[in-house]
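Structural characterization, general
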Number of protein chains: 2
Amino acid sequence: MARPRTPLLSRTRIQEAALALVDRDGLQGLSMRKLAQELGVQAPSLYSHYRTKEELLNDVVDRITADIDVSGFKNGDWRHGLTVWARSYRDALAAHPNMVAFIASGPGRREEALRRADAIHGGLVSAGWPARLATMIGASTRYLVVGAAINSFARGFDADARVYQDRYPNLSQAHRLPELAAEIDNDSFELALRAFIAGLETLYPRQATRAEAESRHA
Amino acid sequence: MARPRTPLLSRTRIQEAALALVDRDGLQGLSMRKLAQELGVQAPSLYSHYRTKEELLNDVVDRITADIDVSGFKNGDWRHGLTVWARSYRDALAAHPNMVAFIASGPGRREEALRRADAIHGGLVSAGWPARLATMIGASTRYLVVGAAINSFARGFDADARVYQDRYPNLSQAHRLPELAAEIDNDSFELALRAFIAGLETLYPRQATRAEAESRHA
DNA sequence: ACCTGAACACCGTTCAAGT
DNA sequence: ACCTGAACACCGTTCAAGT
């Protein structure tokens with residue numbers, strides 16, 4: 001009964017089941033015992049593939065953030081690169097709202113995250129931004145994305161209902177509040193991103209235009 | 001032995017002990033049993049004052065965020081109001097890094113949070129911004145603050161060490177990395193805030209100037 | 001009204017044992 | 001190498017009982 005000819009589990013299978021469980025029942029709803037049951041196995045079996053629950057969750061994070069689009073800097077257009085990155089980053093988080101708190105809080109895995117951070121930094125530098133400013137711009141954009149993801153999806157809509165009702169007193173249908181909240185969240189994120197980029201141009205006209213000029217040559 | 005003449009516990013005493021415990025041992029390190037022990041009492045006693053652990057934590061959050069400065073809008077200067085609010089908000093979170101993940105993830109208590117949200121919104125509107133834009137500006141700023149707090153404080157510095165070392169290869173003393181990380185975090189936050197405000201002026205010159213003109217009259 | 005001891009239904013993780 | 005049953009040291013919370 002123990003040790004079947006082909007392994008019952010694999011890291012991939014465990015990751016997928018864990019993510020599905022978190023999506024369905026929330027981060028709190030994921031326990032090694034429930035996960036094992038979902039996979040038709042006993043809880044200790046999981047420890048043949050992962051040393052801790054946290055190690056597993058970090059792999060799930062890598063899986064979620066694997067598709068973040070960092071390619072927008074290719075032609076040297078930093079505004080486009082930053083916008084594409086930020087939007088795809090936010091979309092990746094939005095697809096798994098129950099994971100956002102964990103993604104945001106932990107130090108995160110280095111394998112993928114570091115590679116992406118380097119891509120952003122490199123894209124900004126090669127577009128004309130000095131190294132230190134490039135680091136700050138990357139960090140600022142991350143603040144925006146993570147903050148937006150947490151405020152949008154991790155928070156319950158019912159909690160925000162009263163806020164929106166105050167703002168739009170003529171909104172009669174309470175069941176449309178989630179829609180409206182999502183719309184305001186999206187508009188706020190886009191405003192923040194556009195204003196931030198426009199502000200960079202105002203505060204650092206030389207770097208911003210140099211970056212623009214170089215993108216024309218490319 | 002049960003039921004002393006003066007109660008051993010109070011909501012205030014429980015809140016303070018809980019916050020001290022989280023500050024010392026992290027959010028994971030707070031359990032009702034450990035908290036009770038710290039207060040010289042048995043765990044079930046806590047449930048005479050709080051119905052759940054979450055209700056207690058929400059009160060702790062209120063205690064932390066009580067000092068956020070919303071008064072900067074008084075003279076109608078929305079840039080000043082926004083800056084003061086954002087900085088004091090971030091400072092409040094920075095004072096209790098182990099609470100940031102919880103503060104960010106839950107819907108939060110309504111009593112305090114709603115009042116502040118209204119103050120910000122009212123301040124922006126009376127400074128000349130239309131209601132919908134005021135809502136978006138408030139949300140965007142919150143994204144920035146929460147995102148910055150999470151990336152700065154909840155993440156371990158050792159995890160970021162490699163990133164900074166790449167950026168500053170001539171940094172020889174590894175023990176100074178925390179300092180440097182804090183400095184970059186702070187600079188990035190200030191950049192994000194300034195660029196956002198400058199961007200608002202570029203994108204909405206009429207509202208921004210109208211708000212400015214009104215602040216002169218006040 | 002406030003605190004206690006005992007208990008319930010859970011956790012993550014370890015470990016010897018099986019194949 | 002991979003899975004199991006049993007166990008350890010924890011959780012949050014409930015509840016009858018005491019004063």
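Residues numbered from 1 in each chain as written. Chains lettered and ligands numbered in written order. Predicted model: local features only at pLDDT ≥ 70, side-chain atom pairs only at ≥ 80, totals over all residues. Heavy atoms only, no water.

Let's talk about the overall build of chain A
Scanning chain A from terminus to terminus reveals 10 helices and zero strands. Walking chain A from its N terminus toward its C terminus, one meets helices and strands in the order α-α-α-α-α-α-α-α-α-α. Buried positions account for 51% of the 218 residues belonging to chain A. For chain A, the computed accessible surface area is about 10,700 Å², with 51% contributed by carbon and sulfur atoms. (Helix = DSSP H or I, 4+ residues; strand = E, 2+ residues; numbered from the N terminus. Buried < 20%, exposed > 50% of the residue type's maximum accessible area, 1.4 Å probe, protein only. Areas by Shrake-Rupley, 256 points an atom, 1.4 Å probe, with all protein chains shown as cover.)

Some thoughts on the UniProt feature "domain: HTH tetR-type" (unreviewed entry) in chain A
Residues given the UniProt feature "domain: HTH tetR-type" (unreviewed entry) here are residues 8-68 of chain A. Segment residues 8-68 of chain A splits into 57% helix and 0% strand. End C-alpha atoms: 31 Å apart. (UniProt positions renumbered as here; feature names shortened; annotations may be inferred.)

Considering the UniProt feature "DNA-binding region" (unreviewed entry) in chain A
When the UniProt feature table is mapped to this numbering, "DNA-binding region" (unreviewed entry) covers residues 31-50 of chain A. The span residues 31-50 of chain A carries 35% helix and 0% strand; its end-to-end C-alpha distance comes to 14 Å.

So, the environment of A:Pro7
Residue placement: A:Pro7 occurs in the segment before helix H1 (11-25). For the pair A:Pro7 and A:Asn58, spaced 51 residues apart in the sequence, the C-alpha separation amounts to 23 Å.

Notes on the protein's contact with DNA strand D
Around DNA strand D sit 24 residues, and of these A:Leu8, A:Ser45, A:His49, B:Arg33 and B:Tyr47 come closest. Within 4 Å of the protein, the contacting atoms of DNA strand D are drawn from sugar and phosphate to the extent of 50%. In this structure, a phosphate oxygen belonging to DNA strand D sits 2.9 Å away from a main-chain N or O atom of B:Met32. The separation between a base nitrogen of DNA strand D and a polar side-chain atom of B:Arg33 is 2.6 Å. (Near = heavy atom within 4 Å. Polar contact = N/O pair within 3.5 Å; in protein donor to acceptor, adjacent residues only side chain to side chain.)

Concerning the protein's contact with DNA strand C
Looking at DNA strand C, there are 24 residues lining it, with A:Arg33, A:Tyr47, B:Leu8, B:Ser45 and B:His49 nearest. When atoms of DNA strand C within 4 Å of the protein are split into backbone and base, the sugar-phosphate part holds 51%. The backbone of A:Met32 places a nitrogen or oxygen atom 2.8 Å from a phosphate oxygen of DNA strand C. Top contributing element to the surface near DNA strand C by residue count: helix H2 (residues 32-38) of chain A, with three residues. Across the surface near DNA strand C, the residue classes tally to 12 nonpolar, six polar and six charged. (Nonpolar A, V, L, I, M, F, W, Y, C, P; charged D, E, K, R; others polar.)

Things to note about the pattern of salt bridges
Side chains bearing opposite charge may pair, as long as their charged atoms lie close to each other. Residues and elements named next belong to chain A. Taken as a whole and assessed by the stated rule, the structure comprises 22 salt bridges over all chains. One salt bridge in this structure joins Arg11 and Glu55, with 2.9 Å as the shortest N-O distance. Linking Arg11 in helix H1 with Glu55 in helix H3 (residues 53-65), this pair joins segments that are 44 residues apart in sequence. Accessibility expressed as a relative area gives 23% for Glu55, which makes it partly exposed. (Salt bridge = Lys/Arg side-chain N within 4 Å of Asp/Glu carboxyl O.)

Some details on the packing of helix H1 (residues 11-25) of chain B against helix H3 (residues 53-65) of chain B
Residue and element names in this part refer to chain B. Running from N to C, H1 and H3 point in directions that differ by 80 degrees, and their axes come no closer than 10 Å. Of the possible angle classes, the one that applies to H1 and H3 is roughly perpendicular. In this structure, H1 contributes Arg11, Thr12, Ile14, Gln15, Glu16, Ala18 and Leu19 to the contact, and H3 contributes Glu55, Leu56, Asp59, Val60, Arg63 and Ile64. (Axes fitted to C-alpha atoms, helices over the stretch in contact; angles between N-to-C directions. Parallel < 35°, antiparallel > 145°, perpendicular 65-115°, else oblique. Contact = heavy atoms within 4.5 Å.)

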